[in-house]
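Descriptive analysis of the structure
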Amino acid sequence: MTKAYLEKIKMQLVEEKSSLEKRKSNLENTIAENEKFTELLDESNDPNFESFTPRTVNGRNKEKIKELNHEQKELVKEKEQIEERILFITAQLEECKKVLQYEYEQEKIKIEEQDHVKLHEDTVQKLTDVLQKLRLSLEVIDMDTQRCRLELSDAIQLIDNLISGTDKK
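Scope of this entry: the structure provided in the associated data block. Since the structure is predicted, the reported quantities are computational estimates derived from the model, not experimental observations. Residue indices follow the written sequence of each chain, beginning from 1 at its first position. Where totals are concerned, whole chains, interfaces and linings use all residues; where local detail is concerned, this predicted model gives features only for residues with pLDDT of at least 70, and gives and counts side-chain atom pairs only at 80 or more. With hydrogens and water set aside, each side-chain value is computed from the structure's full complement of heavy atoms.

1. What about the overall build of the chain?
Secondary structure elements follow DSSP: runs of H or I of four or more residues count as helices, runs of E of two or more count as strands, with numbering from the N terminus. When helices and strands are tallied, the chain shows four helices and zero strands. The N-to-C order of helical and strand elements in the chain reads α-α-α-α. Looking at the chain as a whole, 18% of its 169 residues are labelled buried. Long-range contacts, defined here as pairs at least 24 residues apart, represent 73% of the contacts in the chain between residues at least 6 apart. Only protein chains enter the accessibility calculation, which uses a 1.4 Å probe. A residue is then buried if its area is under 20% of the maximum for its type, exposed if over 50%, and partly exposed in between. Only heavy atoms enter the contact rule, under which two residues are in contact if any of them lie within 4.5 Å.

Right, here's the structure in full:
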């Protein structure tokens, strides 16, 4: 239950980070385009031409440059905010991954403990079987020695299997 919730949060964070990185890339492209456009507008302005004419020349270009500079500041500010948000999300993702790793390790430990308990229960059951065979052998030793030998041989076989089984695991 906790793992599913953490996985869901992790996916949401990854999606948000991805969309923020796309937005950041778009902003960087827009900033670069604005810089190029501003350079073009600056190049088209001839400062010497204004000194020989009584009118203001290229007033629109100057206004456009001011607008682009103002827009540039806003875009840079937004880009910085996005970068901060990406850093925050990255930190959250790392924390989420650590918690998920912890959850997976806890689940693995739990499974290993269950396997150990099952192995212990199997061993106890086999030892109980051996004990019953030995008790039966004690009861029939005087009456049926052949049957007693079979039961003892079977008990020895079970103990050998039990020992070899634990060596393998």
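2. Some details on the nonpolar core
Soluble globular proteins: nonpolar side chains tend toward being buried together. Here the nonpolar core consists of buried residues drawn from Ala, Val, Leu, Ile, Met, Phe, Trp, Tyr and Cys, with membership extended through side-chain atoms lying within 4.5 Å. Core analysis: the largest hydrophobic core is formed by nine residues, namely Leu 13, Leu 20, Leu 27, Ile 31, Leu 75, Ile 82, Ile 86, Ile 89 and Leu 93. At the level of secondary structure, the elements contributing two or more residues to this core comprise helix H1 (2-44) and helix H3 (59-140). At five residues, the largest contribution of residues to this core is made by H3. Contacts of Ile 89, omitting those with residues within four sequence positions, involve Leu 13, Glu 16, Lys 17 and Leu 20.

3. Quick notes on the pattern of salt bridges
Whenever a carboxyl oxygen of Asp or Glu lies within 4 Å of a side-chain nitrogen of Lys or Arg, that contact is scored as a salt bridge. A complete count under the given rule lists eight salt bridges for this structure. Between Lys 3 and Glu 107 there is a salt bridge, with the nearest N and O atoms lying 2.2 Å from each other. One end of the pair, Lys 3, is in helix H1; the other, Glu 107, is in helix H3, with 104 residues separating them in the sequence. The partner of Glu 151 in a salt bridge is Arg 147, with the nearest N and O atoms 3.9 Å apart. On the criterion of helical spacing, the pair formed by Glu 151 and Arg 147 is a turn pair, its members being four residues apart in helix H4 (residues 145-168). A relative accessible area of 13% places Glu 151 in the buried class. Salt bridges sharing common partners tie together Lys 133, Arg 147, Glu 151 and Asp 154.

4. Things to note about the side chain of Gln 72
Along the chain, Gln 72 falls in helix H3. Looking at Gln 72, the relative accessible area reads 13%, which means it is buried. Among all residues touching Gln 72, those that are not within four sequence positions of it are Ile 31, Asn 34 and Glu 35.

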